[in-house]
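Reading the structure
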Amino acid sequence: MKAVVITQPGGPEVLQVQEYATPSPAPDEVLIAVKAAGLNRADLSQREGNYPAPPGAPADIPGMEVAGIIIQCGDAVTLWKPGDNVCALIAGGGYAEMATVQEGQCLPIPAGFSFAEAASLPETIFTVWSNLFQRARLQQGEKLLVHGGSSGIGITAIQLGRAFGVQVFVTVGSDEKGKACLELGAKKYVNYKTQDFEQELATTGINVILDMVGGDYLDKNLNILSPEGRLVYINAVEGNEVQLNLFKLMRKRLTVTGSTLRNREYSYKKALALDIHQQVWPLIEAGQYKPVIYKTFSFEEAAEAHRLMQSSRHIGKIILVNE
Ligand SMILES: NC(=O)c1ccc[n+]([C@@H]2O[C@H](COP(=O)([O-])OP(=O)(O)OC[C@H]3O[C@@H](n4cnc5c(N)ncnc54)[C@H](OP(=O)(O)O)[C@@H]3O)[C@@H](O)[C@H]2O)c1
């Protein structure tokens, strides 16, 4: 099969389409003919050699989410059959013509969605659902702040928040990105390049914050959270060694938490997929969630796709399509 291979750790140019051995499914796995694969920020770190794939996933093919057609099922598979169209969360190896994944990490492609649109869903929906709705217990009527509102994660958090009756505030790096977030249902954006989010949201009464920035955002986050507020980390691009004022935590009875999805065990991801299928898929099917695809690229253009993500010019998702 054809795959986009990380030929050595480095810049986008190390991504090259090469012939690769077709994987064969284990008893509880399906083999998917990949029609589209979503890009995620972590793919860039993996390409640079800073984020190795977990055991079992191909070390040199990036890609943590795909959509396509099941062409083979392992002997123990009960949920799917060849010919089913699915999107799936995978631990790696998505930028390829074929990928294997355990059956419990697949979801049906929502009616009317293209393969590219379906491939934009798994990583961000699994991450947002598990961190905001399960871990931080985000409730209807609460106020949510999402840093990086125009990221793949951000556009998902805005839309799921809105669908569940949450008021969503975002920080973004440009007014163009801010306006896109408002169109998706955010109540207000703060352009962190020209405004101070702590000042702008000081009296808003934020209940939950989703943060991927880290660093000196910690103290500002704690200052704007309401009593019983929850702060959830999914990355810390501006630094993970921070100083924490414990009295701020105690005074307002705050919770600081976080998680990483990729290294979680199959049983966790399977249960998460089931919960998402029950709680989120009906909203998607009802048209309450709009996939936001900024640009699609072919496998041959994977380096270009990585350059775009690295530039942070995009709004929403970047997708590789296998035509
Ligand atoms: N823990 C987990 O399980 C998990 C799962 C999925 C994703 N994530 C994390 O969630 C974040 C978003 O992922 P994604 O795939 O949606 O990424 P993405 O679409 O590339 O978005 C990242 C955005 O973050 C903003 N940003 C703010 N500060 C930044 C900085 N210092 N450097 C680079 N970008 C900065 C940029 O927009 P502005 O122009 O507005 O700054 C950029 O567009 C990533 O950090 C990713 O690692 C974590």
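Predicted, not measured: the structure shown is a model, and the values here were computed from it.

Moving on to the packing of helix α3 (residues 122-135) against helix α9 (residues 266-279). Put simply, α3 and α9 touch, their axes get as near as 10 Å, and they point 85 degrees apart. In terms of their interaxial angle, α3 and α9 are classed as roughly perpendicular. In this structure, α3 contributes I125, F126, W129, S130 and Q134 to the contact, and α9 contributes Y268, K269, L272, A273, D275, I276 and Q279. When grouped by side-chain class, the residues that make up the contact of α3 with α9 number 7 nonpolar, 3 polar and 2 charged.

What follows is about the environment of E285. Note that E285 resides in helix α10 (residues 281-285). On the accessibility criterion, E285 (44% relative accessible area) is partly exposed. For the pair E285 and A111, spaced 174 residues apart in the sequence, the C-alpha separation amounts to 6.5 Å. Filtering out sequence-adjacent residues up to four positions away, E285 remains in contact with P110 and A111. Among the polar contacts made by the side chain of E285, one reaches the main-chain amide nitrogen of A111 at a distance of 3.2 Å.

This next bit is on the nonpolar core. Ranked by internal contacts, the top residues of the largest apolar core, which has 68 residues, are L132, V170 and I276. The greatest single-element share of this core, amounting to 6 residues, is contributed by α3. Of the domains in this structure, domain 1 (2-121 + 265-321) and domain 2 (124-258) are the two that each give at least three residues to this core. Not counting residues up to four positions away in its chain, the partners in contact with I276 are L107, I125, F126, W129 and W281. Formed by 34 residues, the second largest nonpolar core is a distinct cluster that contains L39, I70, W80 and I318.

A separate point is the site of the ligand. The environment of the ligand is formed by 22 residues, the closest being R41, G173, K177, Y192 and E238. Measuring from an oxygen atom of the ligand, one finds a side-chain N or O atom of N235 at 2.8 Å. Mapped by element, the contributors of at least two residues to the shell around the ligand are α3 and α4 (152-163). Among the residues forming the shell around the ligand, the class breakdown is 8 nonpolar, 10 polar and 4 charged. Both of domain 1 (2-121 + 265-321) and domain 2 (124-258) provide at least three residues apiece to the shell around the ligand.

Partitioning the chain into domains gives domain 1 (2-121 + 265-321) and domain 2 (124-258). The C-alpha centroid of domain 2 is placed 26 Å from the C-alpha centroid of domain 1. Counting residues at the interface gives 26 residues for domain 1 and 20 residues for domain 2. Around 2,000 Å² of area is buried between domain 1 and domain 2 when both sides are counted, 66% of it from carbon and sulfur atoms.

Counting across every chain of the model gives 0 disulfides. C73 carries a free sulfur, and the closest cysteine sulfur to it, the one in C106, is 8.9 Å from it. What makes C73 partly exposed here is its relative accessible area of 21%. The thiol of C106 is unpaired, and the distance to the nearest cysteine sulfur, on C87, comes to 8.2 Å. By relative accessible area, which is 5% here, C106 ends up buried.

Criteria and cut-off values
- Residues numbered from 1 in each chain as written.
- Predicted model: local features only at pLDDT ≥ 70, side-chain atom pairs only at ≥ 80, totals over all residues.
- Heavy atoms only, no water.
- Axes fitted to C-alpha atoms, helices over the stretch in contact; angles between N-to-C directions.
- Helix = DSSP H or I, 4+ residues; strand = E, 2+ residues; numbered from the N terminus.
- Parallel < 35°, antiparallel > 145°, perpendicular 65-115°, else oblique.
- Contact = heavy atoms within 4.5 Å.
- Nonpolar A, V, L, I, M, F, W, Y, C, P; charged D, E, K, R; others polar.
- Buried < 20%, exposed > 50% of the residue type's maximum accessible area, 1.4 Å probe, protein only.
- Polar contact = N/O pair within 3.5 Å; in protein donor to acceptor, adjacent residues only side chain to side chain.
- Core = buried A, V, L, I, M, F, W, Y, C linked by side-chain atoms within 4.5 Å.
- Domains from an automatic or database assignment.
- Near = heavy atom within 4 Å.
- Buried area = accessible area lost by both parts, 1.4 Å probe.
- Disulfide = S-S within 2.5 Å.

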